[in-house]
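# A closer look at the structure
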Amino acid sequence: EDAFENGHTVPYQVQLDKGDYIFAPMDDDECIKKSTVPPPSCWICFDNEQTETNLIVRECACRGGKNGFVHVDCLVKLAIAKVDFNKAPDDSPVPFAQCITCHQPFEHGSHSFTALTKAFYSIAS
């Protein structure tokens, strides 16, 4: 099992109250424990580099191994590529509101929800 599943930390990893993890690109206040374990790779681009504006997050129900870890920017690009504005809505997952794999809605206020909402409104207007 991955180090992420065993309670180990990765550079600038933060466990939220609900048990989810976010990965910060820096530790300005030096409160986050560092480790030699590298951050997880994004399941879309397979890269594990992150910046202040492009974090690797896991904000859905996808679990096991490295499932669910994704750059926020990659998630937005995927949503834009998956949506067809010329097609009537059906029962397929809405990529701007929920994970296209597990179909869990993104929680209001999460990094994913915020970025996807901004992207949706910028292309829909």
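A short tour of the structure in this document, coming up. From a predicted model like this one, the values you see are computed outputs, not experimental measurements.

How each quantity is defined
Residues numbered from 1 in each chain as written. Predicted model: local features only at pLDDT ≥ 70, side-chain atom pairs only at ≥ 80, totals over all residues. Heavy atoms only, no water. Phe/Tyr/Trp six-rings, centres within 6.5 Å; stacked < 30°, edge-to-face > 60°. Buried < 20%, exposed > 50% of the residue type's maximum accessible area, 1.4 Å probe, protein only. Disulfide = S-S within 2.5 Å. Core = buried A, V, L, I, M, F, W, Y, C linked by side-chain atoms within 4.5 Å. Helix = DSSP H or I, 4+ residues; strand = E, 2+ residues; numbered from the N terminus. Contact = heavy atoms within 4.5 Å.

## Quick look at the packing of aromatic side chains
Scanning the model with the defined rule gives 2 aromatic pairs in all. Geometrically, the ring pair formed by F120 and Y121 is edge-to-face, given 5.4 Å between the ring centres and 80 degrees between the ring planes. Accessibility expressed as a relative area gives 29% for F120, which makes it partly exposed.

## Brief notes about the state of the cysteines
This model, assessed by the stated rule, comprises 0 disulfides. With no disulfide partner, C42 has as its closest neighbouring cysteine sulfur the one in C74, 3.8 Å distant. Note on C62: no disulfide assigned, nearest cysteine sulfur contributed by C60 at a separation of 3.6 Å. Its relative accessible area of 14% is what places C62 among the buried residues.

## A word on the nonpolar core
Residues V70, F106 and L116 are the most contacted members of the largest nonpolar core, which totals 17 residues. Counting only elements with at least two residues in this core, the list comes to α1 (72–82) and α2 (111–124). Considering every element that reaches this core, the biggest residue donor is α1, with 5 residues. With residues up to four places along the chain from it excluded, the contact list for F106 reads E59, C60, L75, A97, Q98, C99, S112, F113 and L116.

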